[in-house]
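Take a look at the letters that make up each chain.
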Amino acid sequence: MRIITTINEMQTFSKKTLRSGKTIGFVPTMGYLHEGHMSLVEEALKQNDCVIMSIFVNPLQFGPNEDFDRYPRDLKRDEELAKQAGVDILFYPNVKEMYPKERTTRLTVQERVDTLCGESRPGHFDGVATVVMKLLQIVLPDRAYFGMKDAQQVAVIKGLVEDFNVPVEIVPCPIIREEDGLAKSSRNVYLTPTEREEAIQLSRSLDAAANAIERGETNPVRIKELIISYLNQTSGVIDYVEVLSYPALEAIDVMKENIIVAVAVQFTAARLIDNKVTTRSEIAIGV
Ligand code: AMP
């Protein structure tokens with residue numbers, strides 16, 4: 001595995017790889033790798049000749065009072081994990097390399113950001129869209145892999161590449177969980193032991209919601225109440241509980257389309273998110 005830290009070298013490598021007829025799969029991350037990230041690599045390895053992973057904690061997507069400085073980082077460990085997983089290139093630029101000067105153009109995401117994490121983290125998705133757009137121009141992948149753990153991000157990025165005709169296929173990948181159901185996340189290390197136990201209520205609440213929907217519950221308000229009853233068993237503060245259409249992320253009156261049930265809970269030093277996307281056919285089974 002080779003580590004590349006400059007944009008110039010990364011682009012040169014990618015152009016050469018593409019010219020030689022090979023395909024590139026890209027896995028963008030913020031590092032502190034876990035099995036969730038690795039599942040994206042596995043998928044990328046199946047579908048491409050060359051797999052490039054980036055590790056970049058993007059300051060633009062963090063708000064002033066968020067955890068940019070505290071975000072867990074461990075390059076040596078990540079390097080080992082990426083190598084073992086079969087990553088060909090680790091792209092690891094620093095902030096100065098990615099943002100050397102005041103930008104002359106800004107990306108602003110217009111749709112799908114007035115709810116969920118977009119609502120609680122103003123400007124977050126503008127930062128995500130900016131860095132993803134830059135990374136796609138630098139890495140030049142045929143396919144880019146994103147986890148449904150960040151389902152709103154997947155919806156926003158699909159919109160971004162459509163809007164700007166970026167020639168890349170966005171491949172959404174399923175959420176990888178701990179044995180007890182907690183979605184894997186780099187931020188889980190910041191849970192206290194008690195909070196770690198309580199955190200299983202996030203996935204439990206979503207399972208309960210999915211079961212209720214399968215049994216024929218069509219009222220989003222009742223689904224939200226059910227979820228809240230689980231989340232209230234934690235010491236965390238509920239940031240949001242939403243039942244929306246997916247990928248449009250619009251409010252729905254009754255359950256009749258593809259929907260996302262999504263939650264965010266703020267614990268002492270970690271804000272956790274989780275979701276479940278249910279397709280119409282799955283709902284129809286229960287109706
Ligand atoms: P991050 O490093 O947290 O920015 O995540 C990088 C990529 O890994 C994003 O596309 C995430 O959605 C994805 N990811 C993070 N956690 C998981 C998980 N538990 N399962 C699947 N994908 C994940």
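Up top is the structure these notes are about.
Scope of this entry: the structure provided in the associated data block. (Residues numbered from 1 in each chain as written. Predicted model: local features only at pLDDT ≥ 70, side-chain atom pairs only at ≥ 80, totals over all residues. Heavy atoms only, no water.)

## Quick notes on the site of the ligand
Taken together, 17 residues are adjacent to the ligand, and Met 30, His 37, Asp 150, Ile 176 and Lys 184 come closest. Contacts to the ligand include His 37, whose side-chain N or O atom sits 2.9 Å from an oxygen atom. At 2.6 Å from an oxygen atom of the ligand is found a side-chain nitrogen or oxygen belonging to Asp 150. Alone, the ligand offers 480 Å² of accessible surface; in the complex the protein occludes 92% of this. At the level of elements, strand S2 (24-29), helix H2 (35-47) and strand S5 (143-147) are the ones that each hand at least two residues to the shell around the ligand. Here the shell around the ligand takes three residues from H2, the largest share from any one element. Grouping the constituent residues of the shell around the ligand by class yields eight nonpolar, six polar and three charged. (Near = heavy atom within 4 Å. Polar contact = N/O pair within 3.5 Å; in protein donor to acceptor, adjacent residues only side chain to side chain. Areas by Shrake-Rupley, 256 points an atom, 1.4 Å probe, with all protein chains shown as cover. Helix = DSSP H or I, 4+ residues; strand = E, 2+ residues; numbered from the N terminus. Nonpolar A, V, L, I, M, F, W, Y, C, P; charged D, E, K, R; others polar.)

## Remarks on the packing of helix H9 (residues 200-214) against helix H10 (residues 220-231)
With their axes 8 Å apart at the nearest point, H9 and H10 run at an angle of 155° to one another. With respect to each other, H9 and H10 are oriented roughly antiparallel. The chirality of how H9 crosses H10 is right-handed. Residues Gln 201, Leu 202, Arg 204, Ser 205, Ala 208, Ala 209, Ala 212 and Ile 213 of H9 lie in contact with H10, whose contacting residues are Ile 223, Leu 226, Ile 227, Tyr 230 and Leu 231. (Axes fitted to C-alpha atoms, helices over the stretch in contact; angles between N-to-C directions. Parallel < 35°, antiparallel > 145°, perpendicular 65-115°, else oblique. Left-handed = near helix turned anticlockwise from the far one by under 90°. Contact = heavy atoms within 4.5 Å.)

## Considerations on the sheet that holds strand S3 (residues 50-55)
Two pairing modes exist for strands in a sheet, parallel and antiparallel, and in both the strands are linked by backbone hydrogen bonds. A sheet is described by the order of its strands in space; here six strands give the open sequence S1-S4-S3-S2-S5-S6, paired in parallel fashion. Edge positions in the open sheet fall to strand S1 (2-4) and strand S6 (169-173), since each of these has one partner strand only. Here the strands of the sheet are splayed against their neighbours by 25° on average, with no regard to which way each runs. For S5 and S6, the ladder comprises five bridges, and the chain directions are parallel. (Pairing = 2+ DSSP bridges.)

## Re the packing of aromatic side chains
In this structure the tally under the stated criterion is three aromatic pairs. Consider the rings of Phe 62 and Phe 68, whose centres lie 5.5 Å apart with planes at 65°: the pair is edge-to-face. Taking the relative accessible area as the measure of exposure, Phe 68 reaches 21% and is therefore partly exposed. An angle of 75° between the planes, with centres 5.9 Å apart, marks the rings of Phe 62 and Tyr 71 as edge-to-face. The burial state of Phe 62 is the same as that of Tyr 71; both residues are buried. Put simply, the rings of Phe 62, Phe 68 and Tyr 71 touch in pairs and so form one group of aromatic residues. Directly above the aromatic system of Tyr 190 lies the positively charged group of Arg 70, at a separation of 5.7 Å from the ring centroid. Above the face of the Phe 62 ring, Arg 121 is positioned so that its terminal group lies 5.9 Å from the ring centre. (Phe/Tyr/Trp six-rings, centres within 6.5 Å; stacked < 30°, edge-to-face > 60°. Buried < 20%, exposed > 50% of the residue type's maximum accessible area, 1.4 Å probe, protein only. Lys NZ or Arg CZ within 6 Å of the ring centre and 35° of its normal.)

## What to know about the pairing of S5
A large share of S5 lies buried, amounting to four of its five residues. As defined by bridge partners, S2 adjoins S5 across two bridges and the pair is classed as parallel. Within S5, the position partnered with Gly 25 by the bridge is Arg 143. Since S5 and S6 lie parallel, the crossover through helix H7 (residues 151-163) that links them has a hand, and here it is right-handed. (Right-handed = clockwise from strand over helix to strand, strands pointing away.)

## A short note on the nonpolar core
Judged by nonpolar contacts, the single largest core of 48 residues is most densely connected at Met 10, Ile 52, Phe 91, Met 98, Val 132, Leu 136 and Tyr 246. In terms of residue count, helix H6 (residues 124-139) provides more of this core than any other element does, ten residues in total. No fewer than three residues from each of domain 1 (2-173) and domain 2 (186-277) sit in this core. In this structure Ile 52 touches Met 10, Phe 13, Ser 14, Ile 24, Gly 25, Phe 26, Val 27, Ile 89, Phe 91 and Val 139, once residues within four positions along its chain are discounted. (Core = buried A, V, L, I, M, F, W, Y, C linked by side-chain atoms within 4.5 Å. Domains from an automatic or database assignment.)

## A closer look at the environment of Gly 123
The residue Gly 123 is located in the loop between helix H5 (116-120) and H6 in this model. Taking the C-alpha atoms as reference points, Gly 123 and Gln 201, separated by 78 residues in sequence, lie 28 Å from one another.

## Looking at the environment of Arg 112
Mapped onto the elements of the fold, Arg 112 is located in the loop between helix H4 (95-98) and H5. C-alpha of Arg 112 to C-alpha of Leu 249: the two residues are 137 residues apart in sequence and 5.7 Å apart in space. Not counting the four nearest positions on each side in its chain, Arg 112 is found in contact with Gln 152, Ala 155, Val 156, Gly 159, Pro 247, Ala 248 and Leu 249. Reaching out from Arg 112, the side chain makes a polar contact with the backbone oxygen of Pro 247 at a distance of 3.4 Å.

## Some points on the packing of helix H1 (residues 7-19) against H6
In contact at an axis separation of 7 Å, H1 and H6 are set at 55° when each is read in the N-to-C sense. When the interaxial angle is binned, H1 and H6 end up oblique. Together, Ile 7, Met 10, Gln 11 and Ser 14 of H1 and Gln 137, Ile 138 and Val 139 of H6 make up the contact between the two elements. Looking at the contact of H1 with H6 residue by residue, the classes come out as four nonpolar, three polar and no charged.

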